[in-house]
Amino acid sequence: MKVKGTVFKYGDNVDTDVIIPARYLNTSDPKELAAHCMEDIDTGFVSKVKTGDLIVGGKNFGCGSSREHAPIAIQASGVSCVIAESFARIFYRNAVNIGLPIVESPEAARAAAAGDTVSVDFTAGEIVNETKGETYRVPPFPEFMTKIIAAGGLVKALRAEENR
Amino acid sequence: MGMTMTQKILAAHAGLETVVPGQLIEADLDIVLGNDVTTPVAINVFEEIGKQNVFDKSKVVIVPDHFSPNKDIQSATQCRRCRTFAAEKGIENYFELGEMGIEHALLPEKGLVTAGDLVIGADSHTCTYGALGAFSTGVGSTDMAAAMAGGKCWFKVPSAMLFRLHGKLNTYVSGKDLILHIIGKIGVDGALYKSMEFGGDGVASLTMDDRFTIANMAIEAGAKNGIFPVDEKTLEYIGAHSKKPYRVFEADADAVYDEVFDIDLSTIEQTVAFPHLPENTRTVEGLPEIKIDQVVIGSCTNGRIQDLRQAAEILKGRRVKKGVRLIVFPATQAIYLQAINEGLIQTFVEAGAAVSTPTCGPCLGGHMGILAAGERAVATTNRNFVGRMGHPESEVYLASPYVAAASAVLGRIAGTKEVLK
Ligand code: SF4
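Here the structure is a predicted model, which means the values were calculated and not measured. (Residues numbered from 1 in each chain as written. Chains lettered and ligands numbered in written order. Predicted model: local features only at pLDDT ≥ 70, side-chain atom pairs only at ≥ 80, totals over all residues. Heavy atoms only, no water.)

## Considering the packing of aromatic side chains
- Counted by the stated rule, this structure contains 14 aromatic pairs over all chains.
- Arranged with centres 5.9 Å apart and planes meeting at 75°, the rings of Phe61 of chain A and Phe87 of chain A form a pair that is edge-to-face. You can see Phe61 of chain A sitting in the loop between strand 2 (54–57) and helix 4 (69–76) and its partner Phe87 of chain A sitting in the loop between strand 3 (81–84) and helix 5 (89–98), a full 26 residues away along the chain. Across this residue pair, the class does not change: Phe61 of chain A and Phe87 of chain A are buried.
- Judged by centre distance (4.9 Å) and plane angle (15°), the rings of Phe122 of chain A and Phe141 of chain A are stacked. Remark: Phe141 of chain A occurs in the loop between strand 7 (134–137) and helix 7 (143–151) and Phe122 of chain A occurs in the loop between strand 5 (117–121) and strand 6 (126–129); sequence separation between them is 19 residues.
- Accessibility expressed as a relative area gives 4% for Phe122 of chain A, which makes it buried.
- Ring-pair connections join several aromatic residues into one group, and the members of that group are Phe61, Phe87, Phe91 and Tyr92 of chain A.
- Of note, Arg93 of chain A hangs over the ring of Trp154 of chain B, and the distance from its end group to the ring centre comes to 4.0 Å.
- In this structure, Arg282 of chain B packs its charged tip against the face of Phe274 of chain B, placed 4.7 Å from the ring centre. (Phe/Tyr/Trp six-rings, centres within 6.5 Å; stacked < 30°, edge-to-face > 60°. Helix = DSSP H or I, 4+ residues; strand = E, 2+ residues; numbered from the N terminus. Buried < 20%, exposed > 50% of the residue type's maximum accessible area, 1.4 Å probe, protein only. Lys NZ or Arg CZ within 6 Å of the ring centre and 35° of its normal.)

Here you go:
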């Protein structure tokens, strides 16, 4: 499993209130949520993001509320992967559960700049920053996680399992 | 190797003798909670899972508190989704407007959570129930759905940090000041993935309301849970609210902690967290003049009776500074009624405050007190992220009810000393 795209870079403690502000939580429609993704810290994100692009954050990415709307908004805006130095635990759980790949790599996160082209190979456990010509090793996804991500989320994975 | 209090509760619910940090376990749940923002998403997932019934009708709790009373048509639709689902599935603990409250104040009050329980909630402040000696933590909607279906959830066993409290807090200093102080010290990711366990002789001096406030904000340090040992005060609270059987777990004497902090409670001062992170703490003493537009007293952090009493003590016979808006929202209907009976609501109204029905409303910038660009608020809530209470260019300063009330009177951020002198 591999993804590749352009980096949108943010700092430490990107919280769920800026990923998707609470004023938009009166809906759970992924498209509507995506239309307001990141708008409180980056008004240009929604208009510039293309399918396959990556978000790179610093420490404690996704801290704050337990709203699953946050990874849903990121996923629905076309982002293929989030790389960060570290993730808040509820966000991490939620991202995996909905099938949004996320990877913890302090080195890759610190080195990446906005606009860099980065690819991630989840099975091999490798992040390549093509712009900088650098490669970083990360632990490959365990099998259960690959299954969940490939199926598009925990529930779809469970159902696929049952139907086999 | 000895186990922490959290590890013991997890082991017991997973049917294991012992667990070690990092171990993945599947555990039985005593309560599964959701609100009007997270439950509709969980219902979609529950339907996708395709199960007819929830695992136990008495163990699922749904509280429409975020956008209720319904803020607009979309929120009305979300609340209806919760209501219909609860009715269809026969969920016993669905709390309609008029009998509800903010979920994390409501569940302990209704006796739904007790010592030794294992609770997950699709709301990050589910960690509040650690005050009762329970393990409770926030999850997302997919986890909530899977839990409603099967009554189980997987966990990675956390390691822990121990906060050993000594002595007693000074007058006009509260649990809020203590937890803000701790977050200021260890940072918003200082306890990432870990348990924050409280202990020491100082615990006895903390009221239950203080403990709820402290456990509530464990998530603001990134923790998986916060937990207090069970003592006489806990048992008294449980006895007054719950008929459920409880179980007291104690950390082993040789439990292993990643770090131990010793805190002398008498050294804690009135503390404020500046925008835009709960870790940006300063003591109120010697602050420059910071003019404010709004003060919010309430939420699952500080909307309990002790909080209202403390705010009223400062506001009694005084008035909110002209040009400042004070909003008070008691956390539950029972607290609201008690505040009426004690004359606190009269004090608030006479001081010039707007008093609201229980709701999350302003706390998450939902409704009932949104800030415009450039406006500043002092709030007894738990988060001051960018845009948390409204416009992305507004600011929220977190404080205790004492400090919030004093600030409302003076129209700028101030400690109680300045009002009481
Ligand atoms: S009062 Fe605020 S923090 Fe507490 S549950 Fe409601 S929105 Fe969340």
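## Comments concerning the domain arrangement of chain B
All names here are of chain B.
- Taken domain by domain, chain B consists of domain 1 (5–264) and domain 2 (271–420).
- Placing a centre on the C-alpha atoms of domain 1 and another on those of domain 2 gives a separation of 24 Å.
- Listed by partner, the interface residues are 38 residues for domain 1 and 43 residues for domain 2.
- Roughly 3100 Å² is buried in total at the junction of domain 1 and domain 2, and carbon and sulfur atoms are behind 59% of that figure.
- Taken together, the links from domain 1 to domain 2 amount to one salt bridge.
- In this structure, Glu220 and Arg383 form a salt bridge, with 2.9 Å as the shortest nitrogen-oxygen distance.
- Between domain 1 and domain 2 we count 26 residue pairs in polar contact (both at pLDDT 80 or more) in total.
- When residues of the side of domain 1 that touches domain 2 are traced back to their parent elements, those giving at least two are helix 4 (103–109), helix 6 (175–186) and helix 7 (208–216). (Domains from an automatic or database assignment. Contact = heavy atoms within 4.5 Å. Buried area = accessible area lost by both parts, 1.4 Å probe. Salt bridge = Lys/Arg side-chain N within 4 Å of Asp/Glu carboxyl O. Polar contact = N/O pair within 3.5 Å; in protein donor to acceptor, adjacent residues only side chain to side chain.)

## Considerations on the pairing of strand 5 of chain A
All names here are of chain A.
- Of all five residues making up strand 5, four are buried, and the element is well covered by its neighbours.
- Two elements, strand 1 (residues 2–9) and strand 5, share five bridges in a ladder whose sense is antiparallel. Its bridge partner being in strand 5, Lys2 is matched across the sheet by Asp121.
- Sheet topology places strand 5 next to strand 6; four bridges connect them, and they run antiparallel. (Pairing = 2+ DSSP bridges.)

## So, the packing of helix 6 of chain B against helix 7 of chain B
All names here are of chain B.
- Taken N-terminus to C-terminus, the directions of helix 6 and helix 7 make an angle of 25°; their axes are 8 Å apart at the nearest point. Relative to helix 7, the element helix 6 is oriented roughly parallel. Here helix 6 and helix 7 pass one another in a crossing that is right-handed. Contacts from Gly175, Lys176, Leu178 and Ile179 of helix 6 reach helix 7 at Asp210, Thr213 and Ile214.
- When the residues that make up the contact of helix 6 with helix 7 are grouped by side-chain class, the tally is three nonpolar, two polar and two charged. (Axes fitted to C-alpha atoms, helices over the stretch in contact; angles between N-to-C directions. Parallel < 35°, antiparallel > 145°, perpendicular 65-115°, else oblique. Left-handed = near helix turned anticlockwise from the far one by under 90°. Nonpolar A, V, L, I, M, F, W, Y, C, P; charged D, E, K, R; others polar.)

## A closer look at the site of the ligand
Residues and elements named next belong to chain B.
- Around the ligand sit 13 residues in total, of which His125, Cys300, Cys360, Cys363 and Asn382 are the nearest.
- Looking at the shell around the ligand, the elements that each hand over two or more residues are helix 4 and helix 9 (299–302).
- The residue makeup of the shell around the ligand, split by class, is five nonpolar, five polar and three charged.
- Here the shell around the ligand gathers at least three residues from each of two domains, domain 1 (5–264) and domain 2 (271–420). (Near = heavy atom within 4 Å.)

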